[in-house]
Amino acid sequence: MPNRRNLFFFYKETEELREKVEPLKELASKYDFHVVDDPKDASIIASIGGDGSFLQAVRKTGFREDCLYVGISTGELGFYCDFHIDNLPEMVENILSEGIEVRRYPTIEVNVNDESSFFCLNECTIRSSIIKTLVMNVHVEDFHFETFRGDGLIVSTPTGSTAYSKSVSGAVVDPKLACMQVSEIASLNNNHYRTLGSPFLLSDERTLSLEVVQDGNDYPIIGIDNEALSIQHAKKLTIRIPDKRIKTVKLKDNSFWHKVQRSFL
Ligand code: NAD
């Protein structure tokens, strides 16, 4: 287990960001944090950028459960960033006055073709890569629930419920609920094809499986958060909620619902 004060900064190596990160590194050293060059040695991983950088920081460092992730924004405060790079005094004051706390975000685990598994913090999407509709058999456990025909499906975590899922009218879900939300992207609904037509939530005791019907549209795109999987011939996705939680640092007076209000109301 790395030293509890080992800190790694995750950011895109641009000149602008390098200049902004330098004062952060100095500040960290002043408060006895040890800045490390390899995330494997870190017990705290700070992403600099926006929500997209935070998602990348978690993915590229392996969804570690034994470290704390901190989101530091360089633009608008997002959903995963409680701190702003231009407001370092406030950040230090909150850390020193115990104005921060740790929260744990549920993830989802996606297994492709009974072979490789991936974690997601926002969502997994499966979409047609061509103009033809994508057909999938949707199973909840062993039960064939529906046959989907349309552009694709989004399976989101609670924290991902305010991202892509919300754009297709998914519900906003409290991250204290360990569940996954399944939302449709442009389903075909007529006298031949029928789907539920509304998003639905599955508990952490359920497993969802999506079987791509091999009818000529057999190469869907699979997105895990902000990355596309390079697996081309996905026949089956099995999705469940693992015990894995991502620990992040939050300001005490900045709950998920404060963020929802700030962003959408
Ligand atoms: P991006 O540059 O396409 O930005 C997407 C926007 O979504 C950014 O403003 C980002 O701050 C915001 N966002 C990301 N996660 C969020 C969350 N959990 N809650 C609320 N807003 C969130 O890509 P990016 O910044 O790398 O983010 C990737 C995410 O973008 C994906 O995980 C997906 O959720 C989302 N996305 C949305 C759509 C859509 O709404 N039509 C389409 C593709 C991807």
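If you're wondering where the values come from, they're calculated on a predicted model, not measured in any experiment.

**Some points on the site of the ligand**
In the neighbourhood of the ligand, 14 residues make up the surrounding shell, with N122, E123, T162, S167 and N226 lying closest. In this structure, N122 approaches the ligand through a side-chain N or O atom, which is 2.9 Å from a nitrogen atom. Contact with the protein chains hides 57% of the accessible area of the ligand, taken as 770 Å² for the molecule alone. Looking at the shell around the ligand, the elements with two or more residues in it are α2 (51–60) and α4 (164–167). The leading source of residues in the shell around the ligand is α2, at three residues. Here the residues of the shell around the ligand sort into five nonpolar, six polar and three charged. Inspection of the shell around the ligand shows a minimum of three residues originating in each of domain 1 (6–106 + 245–264) and domain 2 (108–240).

**With respect to the domain arrangement of the protein**
The domain boundaries assigned to the protein delineate domain 1 (6–106 + 245–264) and domain 2 (108–240). Measuring from the centre of the C-alpha atoms in domain 1 to the corresponding centre in domain 2 gives 29 Å. The three residues of domain 1 that bury the most area against domain 2 are L55, R59 and P106, which together make up 36% of that side's buried surface. Where domain 1 touches domain 2, the interface holds two salt bridges. Run the count over domain 1 and domain 2 and you get ten residue pairs in polar contact (both at pLDDT 80 or more). Put simply, the parts of the chain that give the side of domain 1 that touches domain 2 at least two residues each are α2, β6 (100–106), β18 (245–251) and α5 (256–264).

**Description of a nonpolar patch on the surface**
Together, F143, F145 and L196 line one region of the surface with nonpolar side chains, adding up to about 300 Å² of accessible area. As for its placement among the helices and strands, L196 is situated in the loop between β12 (179–187) and β13 (200–203). For L196, a relative accessible area of 45% translates into the label partly exposed.

**Some words on a negative patch on the surface**
A cluster of acidic side chains, namely E65, D204, E205 and D243, defines a negative patch on the protein surface. As for its placement among the helices and strands, E65 is situated in the loop between α2 and β4 (68–73).

**With respect to the layout of surface pockets**
In this model, the largest pocket occupies a volume close to 710 Å³. Along its surface, the largest pocket is lined by 27 residues, and F33, I44, L68, V70 and I95 are the ones closest to its centre. Mapped by element, the contributors of at least two residues to the lining of the largest pocket are β1 (6–10), α1 (15–30), β3 (44–49), β4, α3 (88–96), β6 and β18. In terms of residue count, α3 provides more of the lining of the largest pocket than any other element does, four residues in total. Looking at side-chain class alone, the lining of the largest pocket contains 22 nonpolar, one polar and four charged residues. Taken as a whole, the second largest pocket spans an internal volume of roughly 240 Å³. In this structure, the second largest pocket is lined by E101, V102, R103, R104, Y105, D174, P175, K176, K250, S255, F256 and W257. At the level of secondary structure, the elements contributing two or more residues to the lining of the second largest pocket comprise β6 and α5. Among the elements that take part in the lining of the second largest pocket, β6 stands out by supplying five residues, more than any other.

Cut-offs and rules
Residues numbered from 1 in each chain as written. Predicted model: local features only at pLDDT ≥ 70, side-chain atom pairs only at ≥ 80, totals over all residues. Heavy atoms only, no water. Near = heavy atom within 4 Å. Polar contact = N/O pair within 3.5 Å; in protein donor to acceptor, adjacent residues only side chain to side chain. Areas by Shrake-Rupley, 256 points an atom, 1.4 Å probe, with all protein chains shown as cover. Helix = DSSP H or I, 4+ residues; strand = E, 2+ residues; numbered from the N terminus. Nonpolar A, V, L, I, M, F, W, Y, C, P; charged D, E, K, R; others polar. Domains from an automatic or database assignment. Buried area = accessible area lost by both parts, 1.4 Å probe. Salt bridge = Lys/Arg side-chain N within 4 Å of Asp/Glu carboxyl O. Patch = residues over 30% accessible without salt bridge, like charges linked within 9 Å, V, L, I, M, F, W, Y side chains within 5 Å. Buried < 20%, exposed > 50% of the residue type's maximum accessible area, 1.4 Å probe, protein only. Lys, Arg positive; Asp, Glu negative; His and termini not counted. Charge placed at Lys NZ, Arg CZ, Asp CG, Glu CD. 1 Å grid on protein atoms, 1.4 Å probe; cavity = no way out; pocket = protein on both sides within 12 Å on 5 of 7 lines; lining within 4 Å. Points joined across faces, edges and corners; volume = space filled by probe spheres on them.

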